[in-house]
Amino acid sequence: MTMPTWRQAWFQLHWLLGITAGSVLLVIGLSGAVLSFREELIDALNPGGRHVAVQDKEALAPPQLLAAVREAFPGRQVGTLALFAEPGAAARVIFAPRPGERRGDTVYLDPYAGRPLPPLMGAEFFEWVEALHRWLLLPRERAVMQPGAWRPRVSATLHWDTPALAVARFDKSDADATALCNALHAAGMAGAMARVLELTTAYAQDRRQFGRPIAQFQAIQQELAVLAEQAHSATLAARLGCSAEGWQPDALLAAVAKLRACEAARGVAAIAHAVFGAIGITEEHVLGLYTRRLHEWRQAPGTEAQCARLLGEAVLARPEGLLYAVRLRLAAAVHD
């Protein structure tokens, strides 16, 4: 067996460090993309969850809301109370964290009656995504926190006394890495396609040909309509894939979301580059950043073939047929 040369050894070390750092950056970037749509996705999963019907009377004053909170949650200390100018917007209360916790619970109140609104579906999932984005799921509650030197209120360095404490573990009965990847990639792809739609629409309105914007040509309008349809369907699919009660997405719903996002990504990328023309494929233009990521995420686990296989097996396992499988398995999961 021949010993590797110094050049080969350095190449292997560079490859190992690059793969490790790249994997971490991929997780941070993908989870950050999901978090950027947190408010929109939570509102979509909870229609009216943070809004109530607008009434003719005035909303309760802060002291009245605080009194209602103390009555509904005796013994809990209120950390912050946020009121919003939008009519019908629910008031937000963040409680002080309990001993051993770093963040208190959040509840929303009817601004006119002061009663608590139902808990928001999907909130736990996004808390898990935020922990993945910020701390890579490391158990920060067992770490010693050292505030940052420049921004001590918003940054910190964590230290664990032993390696055994710095380990994130999943419950074996609940963990499904593929479902998590599918839900995260579906949300990231939906966000990327929404941005591609904005870029393409703006360019079609600005680019002029034969004395008028190309967006006024019927052929371009048709392509933009198809692009919008595909992008919005991916957004709806991502909301479906992230609609689980807890942090673990439903495997079948996550597969449906990823498969729809992958199918939409092909058409969205093709139409966007067709509208932009040659400028869209230049290195300096931002469009390529989104379309490249869309094609990369299509190949990330689980792939289109894996998601389609999972969905097909679930449908075939239902003796009632396709229509009943969709109605009983997918629609029921959405409404539960």
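Structure: above.
Rules of the game
- Residues numbered from 1 in each chain as written.
- Predicted model: local features only at pLDDT ≥ 70, side-chain atom pairs only at ≥ 80, totals over all residues.
- Heavy atoms only, no water.
- Helix = DSSP H or I, 4+ residues; strand = E, 2+ residues; numbered from the N terminus.
- Contact = heavy atoms within 4.5 Å.
- Expected span 1.5 Å × (residues − 1).
- Buried < 20%, exposed > 50% of the residue type's maximum accessible area, 1.4 Å probe, protein only.
- Polar contact = N/O pair within 3.5 Å; in protein donor to acceptor, adjacent residues only side chain to side chain.
- Core = buried A, V, L, I, M, F, W, Y, C linked by side-chain atoms within 4.5 Å.
- Pairing = 2+ DSSP bridges.
- Axes fitted to C-alpha atoms, helices over the stretch in contact; angles between N-to-C directions.
- Salt bridge = Lys/Arg side-chain N within 4 Å of Asp/Glu carboxyl O.
- Arc of directions from axis to C-beta.

Student: Can you walk me through the overall build of the protein chain in this structure?
Tutor: Looking only at helices and strands, one finds 10 helices and seven strands in the protein chain. The contacts of the protein chain with a sequence gap of at least 6 include a subset with a gap of at least 24, amounting to 64%.

Student: Teacher, can you tell me more about helix H1 (residues 6–35) here?
Tutor: Because each turn of an α-helix spans 3.6 residues, side chains separated by three or four positions in sequence point in the same direction. Helix length check: H1, at 30 residues, gives a terminal C-alpha distance of 43 Å against a target of 44 Å (1.5 Å per residue), a fit within 8%. Three or more residues of H1 are buried, namely Leu30, Ser31, Val34 and Leu35. The secondary structure elements touched by the buried residues of H1 are helix H2 (38–45), helix H4 (123–135), helix H5 (177–206) and helix H8 (287–299).

Student: I'm lost on the side chain of Gln230 in this one. Help?
Tutor: Structurally, Gln230 can be placed in helix H6 (residues 218–241). Reaching out from Gln230, the side chain makes a polar contact with the side chain of Arg260 at a distance of 3.2 Å. Once residues lying within four places of it in the same chain are set aside, the contact partners of Gln230 are Arg260, Ala264 and Val268.

Student: Before we go on, may I ask you to explain the nonpolar core in this structure?
Tutor: If you look at soluble globular proteins, the nonpolar side chains tend to sit buried side by side. One finds Phe125, Phe126, Val129, Leu184, Met189, Met193 and Ala204 to be the most contacted residues of the largest nonpolar core, which totals 58 residues. For this core, the secondary structure elements donating two or more residues are H1, H2, H4, H5, H6, helix H7 (251–276) and H8. It is H5 that provides the largest number of residues to this core, a total of 15 residues. If we ignore the near neighbours within four places in the chain, the residues touching Ala204 are Pro213, Ile214, Ala215, Ile220, Leu224 and Val275. By size, the runner-up hydrophobic cluster in this structure holds seven residues, among which are Leu65, Phe95, Val107 and Leu109.

Student: Please clarify how the sheet that holds strand S2 (residues 91–95) should be interpreted in this entry.
Tutor: Adjacent strands of a sheet pair through backbone hydrogen bonds, lying either parallel or antiparallel. With antiparallel pairing, the three strands of this open sheet are ordered in space as S1-S2-S3. Single-partner strands in this sheet number two, and they are strand S1 (78–82) and strand S3 (106–109). Averaged over all adjacent pairs, the angle separating strand axes in this sheet is 20°, with direction ignored. As paired elements, S1 and S2 share four bridges and run antiparallel to each other. Paired with Val78 across the strands is Phe95, a residue of S2. Set on the sheet, helix H3 (residues 62–72) makes contact with S1, S2 and S3; between it and S1 the angle comes to about 135°.

Student: Honestly, the side chain of Asp110 in this entry has me stumped. Any pointers?
Tutor: Relative to the helices and strands, Asp110 resides in the loop between S3 and H4. A polar side-chain atom of Asp110 sits 2.8 Å from the main-chain amide nitrogen of Tyr112.

Student: Is there a simple way to think about the pairing of S2 in this case?
Tutor: Along a regular strand, successive side chains alternate from one face of the sheet to the other. Side-chain alternation along S2 places Ala91, Val93 and Phe95 on a buried face and Arg92 and Ile94 on a face that remains uncovered. Judged from the four bridges that link them, S2 and S3 form a sheet pairing that is antiparallel. Opposite Arg92, over in S3, you have Tyr108 as the bridge partner.

Student: Can you help me understand the pattern of salt bridges in this one?
Tutor: Here the idea is simple: oppositely charged side chains can pair when their charged atoms come close. A full pass over the atoms with the stated rule returns six salt bridges. One salt bridge in this structure joins Arg195 and Glu198, with 3.0 Å as the shortest N-O distance. On the criterion of helical spacing, the pair formed by Arg195 and Glu198 is a turn pair, its members being three residues apart in helix H5. The class for Glu198 is partly exposed, based on a relative accessible area of 48%. Linking Glu304 and Arg266 is a salt bridge whose minimum nitrogen-to-oxygen distance equals 2.6 Å. With Glu304 in helix H9 (residues 304–316) and Arg266 in helix H7, this pair connects stretches of sequence that are 38 residues apart. The exposure class of Glu304 is buried, given its relative accessible area of 16%. Its relative accessible area of 38% is what places Arg266 among the partly exposed residues.

Student: Is there a simple way to explain unusual backbone geometry in this structure?
Tutor: Of all residues except glycine, most have a negative phi; of all peptide bonds, most are trans. At Phe210, a residue that is not glycine, the phi angle is positive and equals roughly 55°. Its place among the elements puts Phe210 in the loop between strand S6 (208–209) and strand S7 (212–213).

Student: Can you walk me through H2 in this structure?
Tutor: What H2 keeps buried is the set Arg38, Leu41, Ile42 and Leu45. Viewed end-on, H2 has its buried residues packed into an arc of 100°, placing them on one side of the element.

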